[in-house]
Amino acid sequence: MASEETSLRALESLMTEFFHDCTTNERKREIAFFCCYLTFPEELLNNFAQQVGAWRFCLYFLSSTRNDYVMMYSLTVFENLINKMWLGVPSQDKMEIRSCLPKLLLAHHKTFPYFVRNKLCKVIVDIGRQDWPMFYHDFFTNILQLIQSPVTTPLGLIMLKTTSEELACPREDLSVARKEELRKLLLDQVQTVLGLLTGILESVWDKHSVTAATPPPSPTSGESGDLLSNLLQSPSSAKLLNQPIPILDVESEYICSLALECLAHLFSWIPLSASITPSLLTTIFHFARFGCDIRARKMASVNGSSQNCVLGQERGRLGVLAMSCINELMSKNCVPMEFEEYLLRMFQQTFYLLQKITKDNNAHTVKSRLEELDERILGSWTGTERSEVVQEPRLLLMRSQGQERRSVELRGAWKQKGGNGMKGCLTCSYIEKFTDFLRLFVSVHLRRIESYSQFPVVEFLTLLFKYTFHQPTHEGYFSCLDIWTLFLDYLTSKIKSRLGDKEAVLNRYEDALVLLLTEVLNRIQFRYNQAQLEELDDETLDDDQQTEWQRYLRQSLEVVAKVMELLPTHAFSTLFPVLQDNLDVYLGLQQFVVTSGSGHRLNITAENDCRRLHCSLRDLSSLLQAVGRLAEYFTGDMFAARFNDALTVVERLVKVTLYGSQIKLYNIETAVPSVLKPDLIDVHAQSLAALQAYSHWLAQYCSEAHRQNTQQFVTLISTTMDAVTPLISTKVQDKLLLSACHLLVSLATTVRPIFLISIPSVQKVFNRITDASAQRLVDKAQVLVCRALSNILLLPCANLSESEQQWPMRSVNHANLIFALSRDYRNLKPSAVASQRKMPLDDTKVIIHQTLSVLEDIVESVSGESTKSRQICYQSLQESVQVSLALFPAYIHQSDVTDEMLSFFLTLFRGLRVQMGVPFTEQIIQTFLNMFTREQLAESILHEGSTGCRVVEKFLKILQVVVQEPGQVFKPFLPSIISLSMEQVYPIIAERPSPDVKAELFELLFRILHHNWRYFFKSTVLASVQRGAAEEQMENEPQFSAIMQAFGQSFLQPDIHLFKQNLFYLETLNTKQKLYHKKIFRTTMLFQFVNVLLQVLVHKSHDLLQEEIGIAIYNMASVDFDGFFAAFLPEFLTGCDGVDANQKNVLGRNFKMDRDLPSFTQNVHRLVNDLRYYRLCNDSLPPGTVKL
């Protein structure tokens, strides 16, 4: 013992030093090494934790030390012993461990630190996971006894929760049979456990309800109201829920929180059944009231003591835990018929809580109530509560710091209270839990509850409305908007499925929807909501590439759009007057524009006037986006019925855009240039974007205009072009310039009026773009304008005959356009060698980039159009294409230039390969095949980084297009393409860990097989229809085998995306071409692939694809089930290392000979799980163990 004592003190010293902040990593390594050899005789000079007898030392350490590090280290040794070495532990040692550890826990559970106590509980549960019930028959009985004894109730609840966590869904270190056994054993105990937990919660509640002092009268006492009567049909239920909340002592609070945590975890896996009694549900709702009752806060803090602060904090925690229990039940979509009545009761009780939160009275508004609930948690964490109680909330608080922006009112309250950055997070958690409940109700259960006459859905929407628009945080508001979106989707779906009841359904919800629409529109306007909107960040982009303000506006406008779909007339009549009010302000600015020495100036200087103008402009920008978002509801079948409304909107938008362009508000001087100038630019840009949104309506109007009122349409388009063309200038801000360019593209591509090219303002743009002396626009704008001009000349106009399309004139104009755009590029052709050499390489690269980006975009925009359009396009581009092919060899070692050229050729192949003609296409392909030698490919892939890899990837994409071409034209290239792929590209990338190029290569191989199946398998119609016909004739077998081997090798690599892609390709080939049934695959490859896929499952290298792999194994095995069961499976098990013959036999017997997909895949996963389990067991046995 003296030796043990000495070793313990040395270990304590080393552990303390190891975890000290000043200890270096080198010293930590020395300590870790030394600890492995500490306290043990020479025969045990191996890793301490791996020794079966090490537990005796650890048991002594646990009972003799108070050093936290030593205790945790000792428990980790026990954990390792039980989970990895238990099979090899002698039976007597197991009995001693099963006896000693619970005694140690019972003796020290009040003195151990909470984390040591919890770890010890987990170790004991791990023993139960292995030995209960056969060798540890009283494991669960002991837990129930601990819970029933008042002295050890908290300990029993901790053990119960740990048991639920570890045994209900155990890790994969158990066999499937053991997992199923544990789950059944636990299910047998559920009714008893739920009864115990119900009893604990009820007894605490009843005890303190009897002894609780009567609270002082409050303005809300005795008020239930009609809404409450509707929600709770039983007066006794309402009375019960109106009882004052008792004040619990600290120990009772703690026990209740543990009981609720147990319930929450149990509800996550037990089925809905009669075991969940009405009594239990009612009790949970009693505790849910702790999170939202303000009177309880006042009672808890009446003396301002730290103890009462702790009480207030714990009451909030109980509310959060109770709502977690409720949400676990709500998340279950499959509800037995007998449980639906329970659900209804739960909804009624939860919405009673919602009414309490959202009820206005003389003492509190809804907003102030939520804020007071928020404040209730502020000081509570400053108390010195037991560490185990506050562990989880502290983590919550740390995560929440700096993640949520608060409203102005809340920040004010925060400062008044002296907040430290941790205020309100727990109550936010309660509100979040409540919001989660509302989301689950609407998304999962509304469809089944709405039919109950006892449940007033409209009144629920009233409460949800109040709850939504009094949220104290933006995140809370976003979450509530998501709930409204779910409801609107449900309503839309319901109406579409019951068109006969459409009016009745809409009439029922009309008032609620109109109110929602109005309030959402108010919330996005600075006129009504400036303080909160100014808080939104409009600079930092999130993962979706949008700012906080953009997200706020987008989510709001989605709600507006969904209401518009249901109530178009109401939505338009609500939105348009608001838009008009702000338009009047904007259109009235012209009278304040004065001429100054440096230009024009906006003569509005008073601070209040500038602020009001700022708000109006921001609102106008938002409302313009709203109007644009609604454009889709004026087209299609609704075009005629809503024509006048749409025409009014479009005319107003055209007027606004023209006004902004004529008086050039975007260049005007203002009193507050950092604020007002961006506002003016944004309004102008949003007016252009809103008008662009109506391009589909204009296209439909264009079709109708041929029959009536042509002049009105011509005027609309001409005026729009007058507004757009002045903005296509290098002197205009990029935001405005790009908006104008996008509108021009939409008019040219979507609307396509035949007279567009004849409009003087369009001709000005044409002349500017083709003028060599004009300053070039920024790249993106230049590409857009060139696309628009090209589309004006190339795209056929709707409702015009071929003879009316003016193709000859348009063809000439398009040739002139391309000729001007490619002038400098064509001068680079090899015949002009002298001029090319004089020009610096960087300048040459700029010309290539600028020209090819424009030409590629033009080709891409026309690729899906009529044959005539593509013919004209290629005729114009022909010389530039030939120049590109001639330049390609000269720049083969300039990967950035090669990348752009190949991108251009790829677009040509995709869109214009028919127009290019066979001879020239063959010339291009042959040039590429000649240039991409193995040396060149290796240089690009291995030495030129990502740019070089992109070059090869685009080359392979071009080959993909070639091999997909039907007919026999490009078939002669197949041998060369396969050879290049398998003999030149594949050897370079096969062993590289980088995924670069691999995905494109395997897609090419897939396309070769999929579109050229007869290159490998010659079949006749007769052979394919005759039963028992001879196998298809196989050709090019070596190439096919090499491709299949490459696919097989790819499944051995770690890249999960490549694995998923290639598995999909094989499955597709089997579906379309019966790959797995082909003789060569069936006889030489099938079981090799099955073996590889099974090994992947066993090694867990691609666990995310378990389902896909299981299905693929089934599809392969189903080709020859008899061979799979009789030959492959025994052979596979024979080759498995780490398991003995008896275990292999068990694995084989457990794999049932089911031939349906669900059963077969279940057997596969059982085999994989049990194989891993047996290997783990065998690894844990001491050397020399005799296996029976």
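Note that this is a predicted model, so its numbers are computed, not measured. (Residues numbered from 1 in each chain as written. Predicted model: local features only at pLDDT ≥ 70, side-chain atom pairs only at ≥ 80, totals over all residues. Heavy atoms only, no water.)

### Notes on the overall build of the protein
Filter applied, for reference: Going along the chain from the N terminus, every DSSP run of H or I of four or more residues is numbered as a helix, and every run of E of two or more is numbered as a strand. Any pair of residues with heavy atoms lying within 4.5 Å of one another is described as a contacting pair. Here, Shrake-Rupley sampling with a 1.4 Å probe gives the accessible areas, and only protein chains in the shown set may cover a residue.
Scanning the protein from terminus to terminus reveals 55 helices and four strands. Contacts spanning at least 24 positions in sequence make up 75% of the contacts within the protein whose residues lie at least 6 apart. Accessible area for the protein stands at about 51800 Å²; split by element, carbon and sulfur atoms hold 52% of it.

### Notes on the environment of Leu-906
Following the sequence through the fold, Leu-906 ends up in helix α40 (residues 895-916). Setting aside residues no more than four positions away along its own chain, Leu-906 makes contact with Lys-957, Ile-958 and Val-961.

### A word on the nonpolar core
Counted only if it meets this: For this analysis, a nonpolar core means a set of buried residues of the types Ala, Val, Leu, Ile, Met, Phe, Trp, Tyr and Cys, connected via side-chain atoms within 4.5 Å. Think of it in three bands: residues with accessible area under 20% of the maximum for their type are buried, residues over 50% are exposed, and the middle band is partly exposed, with areas taken using a 1.4 Å probe on protein chains only.
Counting 378 residues, the largest nonpolar core has Phe-487, Tyr-586, Trp-697 and Phe-1047 as the members making the most contacts within it. Look past the residues within four positions of Phe-487 in its chain and what remains in contact with it is Val-442, Leu-446, Leu-461, Tyr-509 and Leu-513. By size, the runner-up hydrophobic cluster in this structure holds seven residues, among which are Leu-8, Met-15, Phe-57 and Val-70.

### Here's the deal with the environment of Ser-981
The cut-off we apply is this: In protein, a polar contact requires one atom able to donate a hydrogen and another able to accept it; more generally it is a pair of N or O atoms within 3.5 Å, and residues adjacent in sequence count only if both atoms are side-chain atoms.
Of note, Ser-981 is situated in helix α44 (residues 974-989). In this structure Ser-981 comes out as buried when scored by relative accessible area, which is 0%. Spatially, the C-alpha atom of Ser-981 lies 8.3 Å from that of Leu-1004, the residues being 23 residues apart in sequence. Those residues within four positions of Ser-981 in sequence are excluded, and the remaining contacts are Tyr-986, Leu-1001, Leu-1004 and Leu-1005. A distance of 2.8 Å separates the side chain of Ser-981 from the backbone oxygen of Ile-977, its partner in a polar contact.

### Structural notes on the packing of helix α27 (residues 607-629) against helix α29 (residues 673-693)
For the record, the criterion: Fitted lines through C-alpha atoms serve as axes, helices being fitted only where they are in contact, and the angles separating the N-to-C directions of these axes extend from 0 to 180 degrees. For classification purposes, angles smaller than 35 degrees are called roughly parallel, those larger than 145 roughly antiparallel, those between 65 and 115 roughly perpendicular, and all remaining angles oblique. Should the near helix be turned anticlockwise from the far one by less than a right angle, the crossing is left-handed, and should it be turned clockwise, the crossing is right-handed. Note that Gly is not counted as nonpolar here; it falls among the polar residues with everything else outside the nonpolar set of Ala, Val, Leu, Ile, Met, Phe, Trp, Tyr, Cys and Pro and the charged set of Asp, Glu, Lys and Arg.
Taken N-terminus to C-terminus, the directions of α27 and α29 make an angle of 15°; their axes are 8 Å apart at the nearest point. Considering the angle they form, α27 stands roughly parallel to α29. Crossing geometry of α27 relative to α29 is assigned as left-handed. Between α27 and α29, the residues in contact are Cys-610, Leu-613, His-614, Leu-617, Arg-618, Leu-620, Ser-621, Leu-624, Gln-625 and Gly-628 and Val-675, Leu-676, Asp-679, Leu-680, Asp-682, Val-683, Gln-686, Ser-687, Ala-690 and Ala-693, respectively. Here the residues of the contact of α27 with α29 are counted per class, giving eleven nonpolar, six polar and three charged.

### Comments concerning the pattern of salt bridges
Basically, it comes down to this: Basic side-chain nitrogens of Lys or Arg form a salt bridge, by our definition, when they fall within 4 Å of a carboxyl oxygen of Asp or Glu.
By the definition in use, this model includes 36 salt bridges. Salt-bridge contacts for Asp-126 lead to Arg-129; the nearest nitrogen and oxygen are separated by 3.8 Å. Linking Asp-126 with Arg-129, this pair stays in helix α6 (residues 114-131), spanning three residues, or about one helical turn. A residue is classified by how much of its surface remains accessible, and Arg-129, at 0% relative accessible area, is buried. One salt bridge in this structure joins Glu-1000 and Lys-957, with 3.1 Å as the shortest N-O distance. Of this pair, Glu-1000 sits in helix α45 (residues 998-1011) while Lys-957 is found in helix α43 (residues 945-964), placing the two residues 43 residues apart along the sequence. Taken together, the salt bridges that share partners define one network made up of Glu-79, Lys-119, Lys-122, Asp-126 and Arg-129.

### Details of the side chain of Arg-1175
In plain terms, the rule: Charge assignment in this entry is limited to Lys and Arg as positive and Asp and Glu as negative, and neither His nor the chain termini are counted.
Along the chain, Arg-1175 turns up in helix α55 (residues 1157-1180). Among buried charged residues, Arg-1175 stands out as having no salt bridge; its nearest opposite-charge side chain is Asp-1137, 5.8 Å away. Within the structure, Arg-1175 has its side chain in polar contact with the backbone oxygen of Asp-1137 (distance 2.8 Å). When near neighbours in sequence (up to four residues on either side) are disregarded, Arg-1175 contacts Val-1098, Cys-1136, Asp-1137, Gly-1138 and Val-1139.

### So, the packing of helix α34 (residues 779-794) against helix α35 (residues 807-821)
Close contact between α34 and α35 brings their axes to 8 Å; oriented N to C, the two are set at 155°. For the element pair α34 / α35, the angle class is roughly antiparallel. Of the two possible hands of crossing, α34 and α35 adopt the one that is left-handed. Judged by residue contacts, Cys-786, Leu-789, Ser-790, Ile-792, Leu-793 and Leu-794 of α34 engage Trp-807, Arg-810, Asn-813, His-814, Leu-817 and Leu-821 from α35. The class makeup of the residues in the contact of α34 with α35 is eight nonpolar, three polar and one charged.

### Notes on helix α21 (residues 457-468)
The line we're drawing: The span expected for a helix works out to 1.5 Å for each residue beyond the first.
With twelve residues, α21 should cover 16 Å at 1.5 Å per step; its first-to-last C-alpha distance of 16 Å lies within 8% of that length. Listed as buried for α21 are Val-457, Phe-460, Leu-461, Leu-463, Leu-464, Phe-465, Tyr-467 and Thr-468.

### A few points about the state of the cysteines
Which entries qualify depends on this criterion: Pairs of cysteine sulfur atoms within 2.5 Å are what we label disulfides.
Inspection of every chain in the model, using the stated rule, returns zero disulfides. Between Cys-262, a cysteine without a disulfide, and Cys-325, which holds the nearest cysteine sulfur, the sulfur-to-sulfur distance is 9.4 Å.

### Here's the deal with the pairing of strand β1 (residues 593-596)
Walk down a regular strand and you will see the side chains alternate between the two sheet faces. What counts is decided by this rule: For two strands to pair, DSSP has to find at least two bridges joining them.
Pairing of β1 with strand β2 (residues 599-602) involves four bridges; the strand directions are antiparallel. Bridging across to β2, Ser-596 finds its partner in Gly-599. The hairpin formed by β1 and β2 contains two residues between the paired strands.

### Comments concerning the environment of Arg-289
Along the polypeptide, Arg-289 turns up in the loop between α13 (278-288) and α14 (294-300). Using a relative accessible area of 3% as the deciding quantity, one classes Arg-289 as buried.

### Side note on the side chain of Glu-965
In this structure, Glu-965 sits in the loop between α43 and α44. Relative accessible area serves as the criterion here: at 17%, Glu-965 is assigned to the buried category. Beyond its immediate sequence surroundings of up to four residues, Glu-965 is in contact with Arg-913, Phe-970 and Lys-971.

### Remarks on the packing of aromatic side chains
So the rule is basically this: Each aromatic pair joins two rings of Phe, Tyr and Trp (for Trp, the six-membered one) with centres within 6.5 Å, and gets the label stacked for planes under 30 degrees apart, edge-to-face for over 60, and tilted for any other angle. Cation placement over rings: the criterion is NZ of Lys or CZ of Arg within 6 Å of the ring centroid and within 35° of the ring normal.
Applying the stated criterion across every chain yields a total of 70 aromatic pairs. When the centroid spacing of 5.1 Å and the interplanar angle of 20° are considered together, the rings of Phe-1087 and Phe-1128 count as stacked. With Phe-1087 in helix α51 (residues 1086-1099) and Phe-1128 in helix α53 (residues 1121-1134), this pair connects stretches of sequence that are 41 residues apart. On the accessibility criterion, Phe-1087 (23% relative accessible area) is partly exposed. On the accessibility criterion, Phe-1128 (5% relative accessible area) is buried. Lying across the ring of Tyr-477, Arg-523 places its NZ or CZ 5.4 Å from the centre. Over the aromatic face of Trp-549 sits the side chain of Arg-618, whose NZ or CZ is 5.0 Å from the ring centroid.

### So, unusual backbone geometry
Cis geometry marks the peptide bond from Trp-132 to Pro-133; its omega dihedral reads 5°. Residue placement: Pro-133 occurs in the loop between α6 and α7 (139-148). Its identity is not glycine, yet Arg-752 carries a phi of approximately 60°, on the positive side. When you line up the elements, Arg-752 lands in the loop between α32 (734-751) and α33 (760-770). Backbone geometry at Lys-1074 places phi at a positive 55°, although glycine is not the residue there. Mapped onto the elements, Lys-1074 comes out in the loop between α49 (1056-1073) and α50 (1079-1084).

### Concerning the confidence of the model for the protein
Keep this limit in mind: Residue-level confidence of the predictor, termed pLDDT, takes values from 0 up to 100.
With 84% of its residues at a pLDDT of 70 or more, the protein has an overall mean of 83. Across residues 212-235, confidence stays below pLDDT 50; counting only partners more than four residues off in sequence or on other chains, it has 35 contacts. Across residues 375-427, confidence stays below pLDDT 50; counting only partners more than four residues off in sequence or on other chains, it has 95 contacts.

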